[in-house]
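Each chain is listed here by its residues.
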Amino acid sequence: MSITEEQLEEMLSRYPDKVKKNRKKHLILKNSAEACQQIEANTRTIPGIISQRGCAYAGCKGVVVGPIKDMVHIVHGPVGCSYYAWGTRRNKARADDTTPPEKVFTPLCFTTDMQESDIVFGGDKKLAKMIDQVVEIFHPRAVSICATCPVGLIGDDINAVAKAAEERHGIQVLSFNCEGYKGVSQSAGHHIANNNLMEHVIGKGTAEKNPDDYVINILGEYNIGGDGWELERILKDIGYTLNCIMTGDASYEKIRNLHIADLNLVQCHRSINYIAEMMETKYGIPWLKVNFIGVTATMASLREIAQCFNDEKLIERTEMVIARELARVTPALEQYRKICQGKTAFIFVGGSRSHHYQALLRDLGMDVVVAGYEFAHRDDYEGRQVIPTIKSDADSKNIPELHPTPDEELYQEAHVHLKMSKEKYDELSSRIAFNSYQGMIPEMKDGEVILDDANHHEVEELIRMIKPDLFFSGVRDKYIVHKMGVPAKQMHSYDYSGPYAGFNGSLIFAEDVANALVTPAWKLVTAPWEDQNRSRSDSNA
Ligand code: CFM
């Protein structure tokens, strides 16, 4: 399903001329006659337009720094800023062999709760006192301070407070000048967090690499709904040693030793590619963009990782794990695909997930008719990749035996769980063909819409014109779209579901999508424009 240039014009005609001219560069229709279509991205939102973007503080505290589980993250600012970066993203964390339960601070929210008097007289003393209390009560391994807008406006020197606190307590206190107003979106906050972690934390640990292992990090995996744990399961089965998942379920200590890996995998390319690039320069560690969302994408990424190391044993093992996982998930996926096949989707997320999920939706036979990003940069739309090669002595590498995972029995008996005969199960196993994925714009069909930094007017108009079967976005527009009779899924936190990554995640996602599509309630909702008794101005009110 697509729209015409005339329909696009009509949508833009509601804007003043200057705004229209600007927005036109951020809204394009796929045209396969143009070899390399370009879209304008990563520019300032027009003042007065409420877009879906977040701020620099959200990108720094909410995205990159906040998930580090054994640090206390103090938000220096109003309680509202703290509240909105507290747990809503569902980045999960748990105790592990190096982090006891009392050192996992992820469920807690720490804030200086700035009041008017702090704005007038300065908040630095309150901040210093709070660090003292936090260290005394919680004994964290390190502390971070994240600045919000007022801190920058009144000039509290959080760097001096951090330095003095470090000397008092003998632990690292990192200060992030990530005031919300910096930059054009949360992308600026990612950058601030990356630079600070690179300069002060990464490479400071003393762990040593076992030369017999293939050691990898996953950067830009935040363990939303447990995604990182599913990737850990698959990669460990293949035989990799997973040094650190950054920063989902990550510990301060592991990040200090991030530099001992052979390869950095970059799952979210938008929030952490700066660290990948800086580590390549400083430590010579190559990096590879991966996508573990969807069966096709996961298989391709696993093959590319093995290809980097160029070890026959590893390549063979990768194929074994892929074959096992495919045999397990394909029959169930095929059932969900019957419901999803031919349905259309509108997907609009931050800076990585739209093209990641485009691949998974395609596995389910769905067509993404509108795709866009809040704050991505141009390469996220266009997608480019060079696969590095790592020199290693493959013969000496240690790849453990392929051990049965705990639910191996369940894999073997999957047909019983699906209530189908073994013959039917085996037949379905070979049914779905997973084809290679090209990137967001190349995957789209003529007339389908690509949009950058959307606002409510554009989302509403596109839903009205296209009426997709499913809308994937954030909480700000989810309920508006519900009122239009279109089911919507929260793609930042997965509502209350997940994991969605890897093979198991594909199944859970397929189930959620199929459930949304067959829910009869949506047919009972009349969209405002379908209600003949309401005038156009009513529906916009
Ligand atoms: Fe990366 Fe993310 Fe995303 Fe992102 Fe985000 Fe997120 Fe996102 Mo929400 S780090 S760019 S700043 S994949 S919080 S886990 S879902 S907007 S598309």
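The model shown is predicted, which means the values in this text are computed figures rather than measured ones. (Residues numbered from 1 in each chain as written. Predicted model: local features only at pLDDT ≥ 70, side-chain atom pairs only at ≥ 80, totals over all residues. Heavy atoms only, no water.)

### A few points about the overall build of the protein chain
Note the following rule: Numbering goes from the N terminus for both helices and strands, where a helix is a DSSP run of H or I of at least four residues and a strand is a run of E of at least two. Using a 1.4 Å probe on the protein chains alone, a residue whose accessible area is under 20% of its type maximum counts as buried, one over 50% counts as exposed, and one in between counts as partly exposed. Here, two residues are considered to be in contact whenever any of their heavy atoms come within 4.5 Å of each other. Using the Shrake-Rupley algorithm and a 1.4 Å probe, accessible areas are obtained, with residue cover drawn only from the displayed protein chains. We count Lys and Arg on the positive side and Asp and Glu on the negative side, and we leave His and both chain ends out. Charged groups are reduced to one reference atom each: NZ for lysine, CZ for arginine, CG for aspartic acid, CD for glutamic acid.
In terms of helices and strands, the protein chain carries 24 helices and 14 strands. Taking the principal axes of its C-alpha atoms as reference, the protein chain extends roughly 65 × 65 × 45 Å. A burial count over the protein chain gives 57% of its 541 residues as buried. Taking all contacts inside the protein chain whose residues are at least 6 apart in sequence as the whole, residues at least 24 apart take part in 76%. Working note: accessible area of the protein chain is about 23,100 Å², and carbon and sulfur atoms make up 53% of it. The protein chain carries 61 positive and 75 negative side-chain charges, and their two centres are separated by 3 Å.

### Considering the domain arrangement of the protein chain
Keep this limit in mind: Source of the domain bounds: an automatic or database domain assignment. Each of two parts loses accessible area, computed with a 1.4 Å probe, when they are put together; buried area is these two losses added. The working definition used for a salt bridge is a side-chain nitrogen of Lys or Arg within 4 Å of a carboxyl oxygen of Asp or Glu. Here a polar contact is taken to be a pair of N or O atoms separated by no more than 3.5 Å, where protein atoms must pair a possible hydrogen donor with a possible acceptor and residues adjacent in sequence count only if both atoms sit in side chains.
If you check the domain split of the protein chain, you get domain 1 (56-201) and domain 2 (215-333 + 386-430). Its C-alpha centre places domain 1 at a distance of 31 Å from the equivalent point of domain 2. Facing the 27 residues of domain 1 at the interface are 28 residues of domain 2. Interface area for domain 1 against domain 2, summed over the two sides, is near 2,300 Å², with a carbon-plus-sulfur share of 61%. The tally of links between domain 1 and domain 2 comes to 1 salt bridge. Residue K69 is joined to D249 by a salt bridge in which the shortest nitrogen-to-oxygen separation is 2.9 Å. In this assembly, domain 1 and domain 2 are joined by 10 residue pairs in polar contact (both at pLDDT 80 or more). Where the side of domain 1 that touches domain 2 is concerned, the elements lending two or more residues are α3 (56-65) and α9 (186-200).

### Some words on the site of the ligand
Spelled out, the test is: To be near a molecule or strand, a residue needs just one of its heavy atoms within 4 Å of it. Side-chain classes follow a simple rule in which Ala, Val, Leu, Ile, Met, Phe, Trp, Tyr, Cys and Pro form the nonpolar group, Asp, Glu, Lys and Arg form the charged group, and the remainder, Gly included, forms the polar group.
The environment of the ligand is formed by 16 residues, the closest being R89, H190, C268, G351 and H492. Counting only elements with at least two residues in the shell around the ligand, the list comes to α9 and α12 (269-283). Of the residues contributing to the shell around the ligand, the split by class is 6 nonpolar, 7 polar and 3 charged. If you count residues domain by domain, the shell around the ligand takes at least three from each of domain 1 (56-201) and domain 2 (215-333 + 386-430).

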